[in-house]
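Overview (structure and organization)
Chain by chain, the residues:
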Amino acid sequence: NFATSSANFGVWSAWPAMALPPPSANAPAVLAPHPLETRVGALLAPRSEAHALLRTLPPGALREGRNCTGFRERREVEAPLQDSGLVALHVSHETALALGVGPPFSSPFEAEAARRAIGDEIYERLLAGTLRWVPGLRLLSASCRTPAEDAAVAGWRRMASCYRRAAGVFRYVELFAGIGGFRLGLEPLGGHC
């Protein structure tokens, strides 16, 4: 359970500030994420309201460091990304965990967790549809990158393709493949597991 995981691994230090009511007999069991898992996501809001929303969010609701980016989206399939007039407010792991997949929430317990994580005003706006929750939206997702970051990513991809051609194809064995990070580093270089 969550209390045991938290005690064993010493993670989620901000969770007590967002403590949920104790589960009752009719409340669903909440599965704790794996201790190495980090949930991400962003609230999409009109650019003109970004500063007001940043002041409204409770402490700890946003991720540390850079947490507000522009948001671009495609108007049509296969069309280039265009400015949408929205900003993405990237939330902390705890807030993303509380929001889950977003509204509609499947139980009053989940709804209360979301309300506590983002505050009453933003919760009501999320339910009304004037704000949008996008689970899994990362800071360097294509929709959130600046032109300079787009250029850096394109450079990394060009460099990886050069290494792939120069190194040729090679095989490797991924031992202890629980997370998959080893494979992610070798595949762009032409490796096959």
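For the structure, check the block above.
These remarks concern the structure in this document.

So, how was this worked out
Residues numbered from 1 in each chain as written. Predicted model: local features only at pLDDT ≥ 70, side-chain atom pairs only at ≥ 80, totals over all residues. Heavy atoms only, no water. Buried < 20%, exposed > 50% of the residue type's maximum accessible area, 1.4 Å probe, protein only. Helix = DSSP H or I, 4+ residues; strand = E, 2+ residues; numbered from the N terminus. Arc of directions from axis to C-beta. Contact = heavy atoms within 4.5 Å. Core = buried A, V, L, I, M, F, W, Y, C linked by side-chain atoms within 4.5 Å. Salt bridge = Lys/Arg side-chain N within 4 Å of Asp/Glu carboxyl O. Phe/Tyr/Trp six-rings, centres within 6.5 Å; stacked < 30°, edge-to-face > 60°. Pairing = 2+ DSSP bridges. Axes fitted to C-alpha atoms, helices over the stretch in contact; angles between N-to-C directions.

Some points on helix 5 (residues 120–128)
Along an α-helix, residues three or four positions apart point the same way, because every turn accommodates 3.6 residues. Those residues of helix 5 not exposed but buried are Ile122, Tyr123, Arg125 and Leu126. Angular distribution of buried residues about the axis of helix 5 spans 165°; they occupy a single face of the element. At its buried positions, helix 5 is contacted by strand 1 (41–46), helix 2 (50–56), helix 3 (93–99), helix 4 (108–118) and strand 4 (132–135).

A few points about the nonpolar core
By size, the foremost hydrophobic cluster in this structure holds 24 residues, and its most contacted members are Leu43, Leu57, Leu99 and Ile118. Secondary-structure elements contributing two or more residues to this core are strand 1, helix 2, strand 3 (81–90), helix 3, helix 4 and helix 5. Looking at this core, the element that brings in the most residues is helix 4, giving five residues. Not counting residues up to four positions away in its chain, the partners in contact with Leu57 are Leu43, Leu62, Leu89, Ile118 and Ile122. By size, the runner-up hydrophobic cluster in this structure holds seven residues, among which are Leu44, Phe71, Ala88 and Cys144.

Observations regarding the pattern of salt bridges
As enumerated under the stated definition, the model contains nine salt bridges in all. Here Glu112 makes a salt bridge to Arg116, at a shortest N to O gap of 3.0 Å. With Glu112 and Arg116 both in helix 4, this residue pair falls four residues apart, about one helical turn. Take Glu112: its relative accessible area is 27%, and that puts it in the partly exposed class.

Considerations on the packing of aromatic side chains
Under the defined criterion, the tally for this structure stands at one aromatic pair. Taking the centre distance of 6.1 Å and the plane angle of 15° together, the rings of Phe105 and Tyr123 count as stacked. Of this pair, Phe105 sits in the loop between helix 3 and helix 4 while Tyr123 sits in helix 5, placing them 18 residues apart in sequence. Of the two residues, Phe105 and Tyr123, both sit in the buried class.

Some remarks on unusual backbone geometry
A cis amide bond links Pro103 with the next residue in sequence, Pro104, at an omega value of 0°. Structurally, the position occupied by Pro104 is in the loop between helix 3 and helix 4.

Regarding the sheet that holds strand 2 (residues 68–74)
In spatial order, the strands read 2-3-1-4; together these four strands make up an open sheet with antiparallel pairing. A strand with exactly one partner marks an edge of an open sheet, and here the two such strands are strand 2 and strand 4. Averaged over neighbouring strand pairs, the angle between their axes works out to 40° when direction is ignored. Note that strand 1 and strand 4 share four bridges and pair antiparallel. Paired with Leu43 across the two strands is Trp133, which belongs to strand 4.

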